[in-house]
Amino acid sequence: MHPRVRLPSSIKLFCIIFIIRLVNAISIQTFFQADEFYQSLEPAHNFIYGYGYVTWEWHAKLRSSIHPFIYSLGYKFAKENELLIWFVPKLINSLIATVTEFQLFRFVQVYSRDVQLARVTLMLSLLNPFNWYVLTRSFSNNLETCLTISALRFWPWTGEIGNYHWYVSLGFGVLSCIIRPTNALLWMPLGIWLLSKHRLSLTWVVYSLIEVCVLFSLSVALDYFFYQEFTIPIYNFLHFNVVKNLSIFYGVAPWHFYLLQAAPLMMMLYLPFLLFGLRKDILLFSSLFYLVGFSLIQHKEFRFIMPLQPIMLYYAARGYQRLEMGKHFVLLGIILNVLIAIFFSNVNERGVIDIMNFVKSHYESSFGFLTPCHSIPWQSNLHDPNLQAWFLTCEPPLHLSNPSMSEIKSYRDQSDEFYDNPQSFIKQNLGSTLYYPDYIVVFSPLKELIEQELGNYYLYKQYFNSYFHWDSRRTGDLIIFKKEWDSETRK
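Residues numbered from 1 in each chain as written. Predicted model: local features only at pLDDT ≥ 70, side-chain atom pairs only at ≥ 80, totals over all residues. Heavy atoms only, no water.

Per an unreviewed UniProt entry, the protein chain goes by the name Mannosyltransferase and belongs to Candida metapsilosis. Of the comments in the UniProt record for the protein chain, the one headed Sequence similarities (unreviewed entry) reads "Belongs to the glycosyltransferase 22 family. PIGB subfamily." (UniProt positions renumbered as here; feature names shortened; annotations may be inferred.)

(A) Local environment of the overall build of the protein chain. A count of helices and strands for the protein chain gives 23 helices and 5 strands. Over its C-alpha atoms the protein chain spans a radius of gyration of 24 Å, differing by no more than 12% from the 23 Å that the globule rule assigns to 491 residues. Its C-alpha atoms put the protein chain at 80 × 55 × 50 Å along the principal axes. Residues counted as buried form 55% of the 491 residues belonging to the protein chain. Here the contacts in the protein chain between residues at least 6 apart in sequence split such that 76% fall between residues at least 24 apart. Just so you have it, the protein chain exposes about 23200 Å², and 63% of that area is on carbon and sulfur atoms. Considering the protein chain, the positive charge centre built from 38 side chains and the negative charge centre built from 35 side chains are found 12 Å apart. (Helix = DSSP H or I, 4+ residues; strand = E, 2+ residues; numbered from the N terminus. Rg over C-alpha atoms; globule rule 2.2 N^0.38 Å. Buried < 20%, exposed > 50% of the residue type's maximum accessible area, 1.4 Å probe, protein only. Contact = heavy atoms within 4.5 Å. Areas by Shrake-Rupley, 256 points an atom, 1.4 Å probe, with all protein chains shown as cover. Lys, Arg positive; Asp, Glu negative; His and termini not counted. Charge placed at Lys NZ, Arg CZ, Asp CG, Glu CD.)

(B) Just the sheet that holds strand S5 (residues 478-483), in detail. Here we have 5 strands laid out as an open sheet, ordered S2-S1-S3-S5-S4, and mixed in their pairing. Edge positions in the sheet fall to strand S2 (388-391) and strand S4 (457-463), since each has one partner strand and no second. For this sheet, the mean inter-axis angle between neighbouring strands, taken without regard to orientation, is 20°. Sitting on the sheet, helix H18 (residues 351-361) touches strand S1 (366-369), strand S3 (439-443), S4 and S5, and the angle it makes with S4 is about 120°. (Pairing = 2+ DSSP bridges. Axes fitted to C-alpha atoms, helices over the stretch in contact; angles between N-to-C directions.)

(C) Structural context of the UniProt feature "transmembrane region" (unreviewed entry) in the protein chain. Under the local residue numbering, the UniProt record ascribes the feature "transmembrane region" (unreviewed entry) to residues 12-32, 83-105, 117-135, 164-190, 202-227, 247-270, 282-299 and 329-347. The span residues 117-135 is 84% helical and 0% strand by assignment, and the distance between its end C-alpha atoms comes to 22 Å. Spanning residues 329-347, this segment combines 89% helix with 0% strand, and its end C-alpha atoms are found 26 Å apart.

(D) The arrangement of the packing of aromatic side chains in detail. One pass over the full model with this rule turns up 53 aromatic pairs. For the ring pair Phe-358 and Phe-367, a centre distance of 6.0 Å and an interplane angle of 90° mean the geometry is edge-to-face. Here the two residues Phe-358 and Phe-367 agree in accessibility, since each one is buried. Ring geometry for Phe-367 and Tyr-439: centres 5.1 Å apart, planes at 15°, overall stacked. Taken together, the positions of Phe-367 in strand S1 and Tyr-439 in strand S3 put the pair 72 residues apart, joining distant regions of the chain. (Phe/Tyr/Trp six-rings, centres within 6.5 Å; stacked < 30°, edge-to-face > 60°.)

(E) Spatial organisation of the side chain of Thr-148. Its location among the elements puts Thr-148 in helix H8 (residues 140-154). For Thr-148, a relative accessible area of 1% corresponds to the buried category. At a separation of 2.7 Å, a polar atom in the side chain of Thr-148 contacts the main-chain carbonyl oxygen of Glu-144. When neighbours within four sequence positions are excluded, Thr-148 is seen to be in contact with Ser-176, Asn-183, Leu-186, Trp-187 and Pro-307. (Polar contact = N/O pair within 3.5 Å; in protein donor to acceptor, adjacent residues only side chain to side chain.)

Rendered as structure tokens:
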């Protein structure tokens with residue numbers, strides 16, 4: 001008999017995490033934010049197959065090609081196999097999530113020198129409802145988080161800065177900043193702290209600069225290959241968001257948004273543990289610096305502070321270990337977390353995913369979506385070169401430089417024009433700028449309007465979408481209206 005082959009514990013742990021996250025990725029049936037598709041899968045799909053909706057950001061070359069290029073490689077492998085086209089992005093997302101949590105486990109081991117604390121941190125991450133809902137989606141923030149925690153794992157917390165760990169950490173950190181330049185907010189205080197603790201050698205400085213230059217050059221080369229022309233997305237990104245200040249077009253939130261809304265939502269039941277587990281160290285200071293920096297930016301979203309999620313989970317694990325009374329409610333906490341995760345991942349906002357199956361099954365028909373822009377997935381989900389469909393767009397005022405809030409509010413994109421006066425928009429645009437499709441899709445608030453304004457369309461099908469939504473235009477069900485032709489009888 002052959003002796004049983006024993007895998008190293010690290011490989012076992014990686015495989016366990018991967019299986020959990022693969023199930024997570026496959027099981028998600030809801031919609032969260034449009035960037036999951038339009039800032040990753042759509043440009044990747046367009047790059048490989050030659051069709052797909054490419055948003056203005058990619059025409060303006062604001063984003064690094066690294067993230068969509070990963071999915072492009074997956075699509076290259078999938079070719080025209082529709083099952084693989086659906087599965088490969090989920091496989092990639094699962095791998096990114098797995099590396100993130102595996103590196104989180106290793107980071108806590110290195111940083112705290114406490115294996116038990118590392119185990120607790122990993123368990124809190126796996127059971128966190130926000131992670132279950134977001135971590136296996138195709139957001140660049142998730143790749144940014146993966147690279148950030150990988151850099152923190154190899155960061156020279158106590159050792160010498162001349163060994164290979166430093167160069168591995170530097171590489172991950174540089175890549176995280178290339179993908180999202182705002183990630184530099186985390187590394188600035190950490191870098192100053194590191195430089196103040198160690199005597200620098202000329203060799204170290206030269207090697208570090210060479211690594212940064214090589215990685216940046218490779219990213220520029222990849223961007224040239226992806227965009228088919230020379231461009232530097234970091235410069236374009238900063239010019240748009242800082243010089244032109246056009247990010248406010250996508251909404252402005254109060255300064256305390258991340259502190260009072262984002263962090264509590266990301267932690268949920270772990271919030272008491274997080275507060276009780278905080279400690280005064282460079283990691284906390286760097287995190288607060290990052291948080292303050294993002295709070296000063298007017299446009300805010302939950303996932304923008306995703307790189308802080310692993311750090312918050314580490315502090316929550318410390319609080320859990322210290323807060324004895326909380327351990328009596330572990331089973332209840334697990335049950336609540338699972339229920340929350342299922343609700344957001346499989347119930348609320350599932351209609352926009354379900355309706356894609358309807359579109360795919362009616363591939364010979366045409367569709368019009370009178371919904372807020374980017375409310376649904378597109379070719380990365382449909383994979384139909386003959387798709388006959390349109391939706392309302394929301395291009396920003398690219399002609400403005402450093403606009404005031406009044407200028408932003410006065411600018412109206414196509415989606416705004418529709419919701420400002422739906423009746424007028426329908427009369428002026430349907431049949432002219434927008435053709436009459438076989439099916440028109442709207443959210444519940446517009447049901448009566450369509451019945452009144454478009455008498456030749458009748459309610460054909462209705463999909464449950466959400467119990468609540470932050471955007472009142474997207475509340476309720478998704479409703480499909482079908483065009484009634486003269487020779488057709490209602491069924």
